[in-house]
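Residues per chain are reported as follows:
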Amino acid sequence: MRSSNPVFSREGSFTRDTGYAGFDTARQPHAGDPYANNPYAANPYGANPYARPDGTQLTDDQLVEMYQAPSAGPLQTGRMTMDDVVARTTLTLLTLVAAGALAWFALPDEGYAFAAGAALAAFVVGLVITFKRSVSAPLILVYAGLEGFFLGAVTKVFNTILPGIAVQAVLGTAVVFGAMLIAYKSGRIRVTPRYTRIGLAIAMGFLGLLLVNMIASMFGADFGLRSGTLGIVVGLVGIALGAFFLSLDFAEIENAIRCGAPQQEAWRAAFGLTLSLVWIYLEMLRLIAILRGDD
């Protein structure tokens, strides 16, 4: 199934077209093929597949030992595992947190210019990663560092006005992630084509509304999307969309592992999860600010 998530929909990523997991990789005989009727004819050791290079035969004990040996696992074949995804996602998030801590302690209380610059740079790098055909671990870590720097600066501003909001936003994001993971693994949420279409339609409408509000605010108008009751509703919808993106990430990771995606694709999974978590964290930060009486 082709992904609707732009991070996972690049050609050659998380698909059966990569040639992994035995899809369309078998050698098919064709007319004029001298080995079409003899699968062992191309064996350099002769027609007997159990022959040694010197022509001697393998003993019965050696054959038993050979067939009882464990089959090659993901580590030997270079395929992605859940451990790979967890390890690379952890490294990406640690990079993000370290950069956020640097911004928190190094920037002045009103470091808006630095935050804006880091956000713009992270946006550009994120686009490059999304549309880049091959996976680049260094670029993903650079993105995590820039995004973390931006989040650290923004969080410091919020926390100066509303002490303790940073801890609340982090805990809220962790709760959403845990709840979605449990719901997905228990089967309460199933990522079907209909579910995906509806979710993406809502996401496009949500982003369009925010864009219109941003343009209107440049001309002095404000629809109140980030304050009052309407702001709370918008914040809840934003968090729900972030949870929706997480479910798409979980489905794509599970499908990639099942289809035998290459180990390097674990970095793409880490990037997708990081994007979703950053989205949820920002929406959580704004929602808590509204609930505490300041937007």
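Here the structure is shown first, and the text comes after it.
My aim in this report is to walk through the structure given alongside it, one point at a time.

Each value, and the rule that gives it
Residues numbered from 1 in each chain as written. Predicted model: local features only at pLDDT ≥ 70, side-chain atom pairs only at ≥ 80, totals over all residues. Heavy atoms only, no water. Phe/Tyr/Trp six-rings, centres within 6.5 Å; stacked < 30°, edge-to-face > 60°. Helix = DSSP H or I, 4+ residues; strand = E, 2+ residues; numbered from the N terminus. Buried < 20%, exposed > 50% of the residue type's maximum accessible area, 1.4 Å probe, protein only. Axes fitted to C-alpha atoms, helices over the stretch in contact; angles between N-to-C directions. Parallel < 35°, antiparallel > 145°, perpendicular 65-115°, else oblique. Left-handed = near helix turned anticlockwise from the far one by under 90°. Contact = heavy atoms within 4.5 Å. Polar contact = N/O pair within 3.5 Å; in protein donor to acceptor, adjacent residues only side chain to side chain.

Another point: the packing of aromatic side chains. Considering all chains together, one arrives at seven aromatic pairs under this definition. Here the aromatic rings of Phe206 and Trp279 are separated by 6.2 Å at their centres, their planes lie at 45°, and the arrangement is tilted. Of this pair, Phe206 sits in helix α7 (residues 193–218) while Trp279 sits in helix α9 (residues 265–291); the two residues are 73 residues apart in sequence, bridging distant segments of the chain. With relative accessibility at 6%, the residue Phe206 sits in the buried group. Aromatic pair Phe245 and Trp279: ring centres 5.4 Å apart, planes at 85°, arrangement edge-to-face. One end of the pair, Phe245, is in helix α8 (residues 228–258); the other, Trp279, is in helix α9, with 34 residues separating them in the sequence.

Further remarks concern the packing of helix α3 (residues 82–106) against α9. Relative orientation of the contacting elements α3 and α9 amounts to 50°, with a least axis distance of 8 Å. With respect to their mutual orientation, α3 and α9 come out oblique. Handedness of the α3/α9 crossing: right-handed. Residues Asp84, Val85, Arg88, Thr89, Leu91, Thr92, Leu93 and Leu96 of α3 form the contact with α9, whose own contacting residues are Ala266, Trp267, Ala269, Ala270, Leu273, Thr274, Leu277 and Val278.

Take the side chain of Glu283 next. Along the chain, the position of Glu283 falls in helix α9. Judged by relative accessible area, Glu283 falls into the buried class, the value being 3%. A polar contact is formed between the side chain of Glu283 and the side chain of Arg286, at a distance of 2.8 Å. When residues no more than four places from it in sequence are discounted, the contact partners of Glu283 are Phe206, Arg226, Val234, Gly235, Gly238 and Ile239.

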